[in-house]
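# A look at the structure
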Amino acid sequence: MKQVDNQWLRALTAHTPELVIQLATRLTQDWQISYETVPQRGLSLLQLQDSVFHEPYYLGEIPLSTAWVNLKTGNGQNYQGAAQVMSDVPNLATSLAICDAIFMNQLEGWQEVADLIEKGRLIRQEEDKLRGAMLAKTKVDFSLLSQEESDAKS
Amino acid sequence: MLKVDLPGIWQDEVQQQIFRQLLSCMSNPGTIADLSLSLGESTALMGVLATLLDNTVTLHDIHTLVPEGKRRFLNSPTASLSEARFIVADGAIAPDTNFNPNLGTLASPELGATIVLQGRQLGSGKLTLSLTGPGIPSAKESKVTLNGFDDAWFSRRQEWVSAFPLGIDLILVDATQVMIIPRTTQINTV
């Protein structure tokens, strides 16, 4: 089974939306782009499960945009791409869907998309490292608490 | 700037224009509104459906009037005839005896279906409807003529709206125009 890289979207969204939109605009300036469904932009309710009773609850509303596009290239071939992103920046989901079509089908300019993904991956790695360090600092060791309780009883 | 082809009826601003016209038609039964300025190359049927439907509103397209490609754009789930919130039908084909739309319940009469009938022409034709009721000035009855609508639709409608507030609302469309007959309107065929 073909392994699908599901981190490319996270890597691209590490950059400013303007950068991604500019790249998508430049790479497709001679192509015809159309939507396969109506692009959506709005709020969505994020449902999670609580860790105690395992009951579902709504964390809150998140901005969500989706797009599904068809690219008709200069030689008349059609290629499709889609994206769903937690953002309400106009044209961002469309630009990501275009990048998806270009990158996955290795269309003209795909190397530029790949380079942007690689740079985004490095940015995300730095962010993850920073967050990991912050999380480690705030970690509470509850085993010490039970030790203190037993000390107090004795 | 990113340029993506998206016909006007799928854009928010155009849908708001159409919605205002539909609201006006609903308030003034028998009024025919011309949507051609908002439609571009689309039909009034698609303009109305694009404006009123989304992924929370079910649709039953009994005569397959919505092309497959456009159906995906509507993003509206398909439901059976008796459960659908919106039903699209060819006005020239009389409803058969099994055509039983959702009339809502006393607790929720708003669940009654809206039937969108596609005909040839609003405002001319052999079939004449005389309308009275809320939204129509009592001093004059509103007469509308129709072409490409079977009169059986209006006799069946009498049954469907007989237990008000239960019932159905009718939206009649031709290529570019729309007219609405809510369940509160009384119809006499002339």
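What counts and what doesn't
- Chains are numbered independently. Their residues run from 1 in the order of the written sequence.
- The lettering of chains begins at A and the numbering of ligands begins at 1, in the order of writing.
- Reporting in this predicted model follows two pLDDT cut-offs: at least 70 for local features of residues, and 80 or more for side-chain atom pairs to be given and counted; totals over whole chains, interfaces and linings ignore these cut-offs and use all residues.
- Only hydrogens and water are set aside when side-chain values are computed; all heavy atoms of the structure are taken into account.
- Each pair of aromatic rings taken from Phe, Tyr and Trp, with Trp reduced to its six-membered ring, is defined by centres within 6.5 Å and is described as stacked if the planes are under 30 degrees apart, edge-to-face if over 60, and tilted in the remaining cases.
- In DSSP terms, a helix is any run of H or I states spanning at least four residues, a strand is any run of E spanning at least two, and both are numbered starting from the N terminus.
- Exposure categories follow from relative accessible area, calculated using a 1.4 Å probe and restricted to protein chains: below 20% of the type maximum is buried, above 50% is exposed, and the middle band is partly exposed.
- In this analysis, strands are considered paired if DSSP registers two or more bridges between them.
- Under this scheme, a helix contributes an axis fitted over its contacting stretch, all axes are lines through C-alpha atoms, and angles between N-to-C directions fall in the 0 to 180 degree range.
- Should any heavy atoms of two residues lie within 4.5 Å, those residues are considered in contact.
- Looking at any residue, its pLDDT shows the predictor's confidence there, from 0 to 100.

## A short note on the packing of aromatic side chains
All names here are of chain B.
- Considering all chains together, one arrives at four aromatic pairs over all chains under this definition.
- Relative to Trp153, the ring of Phe99 has its centre 5.1 Å away and its plane inclined at 90°; by these criteria the two rings are edge-to-face. One end of the pair, Phe99, is in the loop between β3 (86-90) and β4 (114-118); the other, Trp153, is in helix α5 (residues 152-160), with 54 residues separating them in the sequence.
- Arranged with centres 5.6 Å apart and planes meeting at 35°, the rings of Phe99 and Trp160 form a pair that is tilted. Here the residue Phe99 occupies a position in the loop between β3 and β4, and Trp160 occupies one in helix α5, the gap between them amounting to 61 residues.
- Using a relative accessible area of 2% as the deciding quantity, one classes Phe99 as buried.
- Classification of Trp160 by relative accessible area gives buried; the value is 5%.

## Here we look at the sheet that holds strand β9 (residues 186-189) of chain B
All names here are of chain B.
- Strands sit in the order β6-β5-β9 across an open sheet of three strands; the sheet is antiparallel. Where the open sheet ends on each side, the last strands, each with one partner, are β6 (142-147) and β9. Averaged over neighbouring strand pairs, the angle between their axes works out to 45° when direction is ignored.
- One ladder, built from seven bridges, connects strand β5 (residues 121-132) with β6; its direction is antiparallel. Directly across from Leu122, in β6, lies its bridge partner Leu146.
- Contacting β5, β6 and β9, α5 runs over the sheet at an angle of about 145° to β9.

## A few points about the side chain of B:Thr51
- Inspection of the secondary structure puts B:Thr51 in helix α3 (residues 44-52).
- Leaving out residues up to four positions away in the same chain, B:Thr51 has contacts with B:Gln15, B:Ile18, B:Phe19 and B:Leu22.

## Topic: the confidence of the model for chain A
- Residue-level pLDDT values for chain A average 90, and 91% of them are 70 or greater.
- Averaged over each element, pLDDT in chain A is lowest for helix α5 (residues 142-153) of chain A (69) and highest for helix α2 (residues 17-27) of chain A (97).

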